[in-house]
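A look at the structure
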Amino acid sequence: MQFRLTETSCNEILYEGSLPDDFHSEKGLEEQKILLDHRKGKAEVTESWFRGMHINSGTLLLYDDLN
């Protein structure tokens, strides 16, 4: 499964990634950490997946208020 995170006001791609179909993993459990540093803020996201399950958690720091 392919996915893309974009900044909508200018259609800028912030992150592109992929995960296996049905979140299958030969290892049983897999995990990856994603760090984003952008002019509007920073994010640290941890993705974990295993047989049919995907868990996404993280923190986000925005430099300005959302409008």
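The model shown is predicted, which means the values in this text are computed figures rather than measured ones.

Within the secondary structure, H38 is located in strand β3 (residues 30–38). In terms of polar contacts, H38 uses its side chain to reach the side chain of R39, at 3.3 Å. In contact with H38, not counting residues within four places along its chain, are E7, E12, L14 and Y63.

Attention now moves to the pairing of strand β5 (residues 53–62). Pairing analysis gives 10 bridges linking strand β4 (residues 41–50) to β5, with the strands arranged antiparallel. Note that in β5 the partner of T46 across the bridge is S57. Hairpin connection from β4 to β5: two residues lie between these consecutive antiparallel strands, with G52 at a positive phi of about 80°.

This part takes up the environment of H54. Mapped onto the elements, H54 comes out in strand β5. Residue classification places H54 among the partly exposed residues on the basis of a relative accessible area of 27%. In this view, H54 contacts L19, F23, E47, S48 and W49; residues no more than four positions away in its chain are not counted. Side chain to side chain, H54 and E47 meet in a polar contact 3.2 Å long.

As a working rule, side chains carrying opposite charge can pair if their charged atoms are close by. Per the stated rule, a full pass over the model turns up five salt bridges. For the salt bridge of E7 with R39, the shortest nitrogen-to-oxygen distance reads 3.5 Å. On the criterion of sequence distance, the pair formed by E7 in strand β1 (residues 2–7) and R39 in the loop between β3 and β4 is long-range, its members being 32 residues apart. Its salt-bridge partner being E44, residue K33 comes within 3.4 Å of it at the nearest N-O pair. Separated by 11 residues along the polypeptide, K33 in strand β3 and E44 in strand β4 bring together distant segments of the chain. Residue classification places K33 among the exposed residues on the basis of a relative accessible area of 54%. Connected through salt bridges with shared partners, the residues E7, E12, R39 and K40 form a single ionic network.

Calculation notes
Residues numbered from 1 in each chain as written. Predicted model: local features only at pLDDT ≥ 70, side-chain atom pairs only at ≥ 80, totals over all residues. Heavy atoms only, no water. Helix = DSSP H or I, 4+ residues; strand = E, 2+ residues; numbered from the N terminus. Polar contact = N/O pair within 3.5 Å; in protein donor to acceptor, adjacent residues only side chain to side chain. Contact = heavy atoms within 4.5 Å. Pairing = 2+ DSSP bridges. Buried < 20%, exposed > 50% of the residue type's maximum accessible area, 1.4 Å probe, protein only. Salt bridge = Lys/Arg side-chain N within 4 Å of Asp/Glu carboxyl O.

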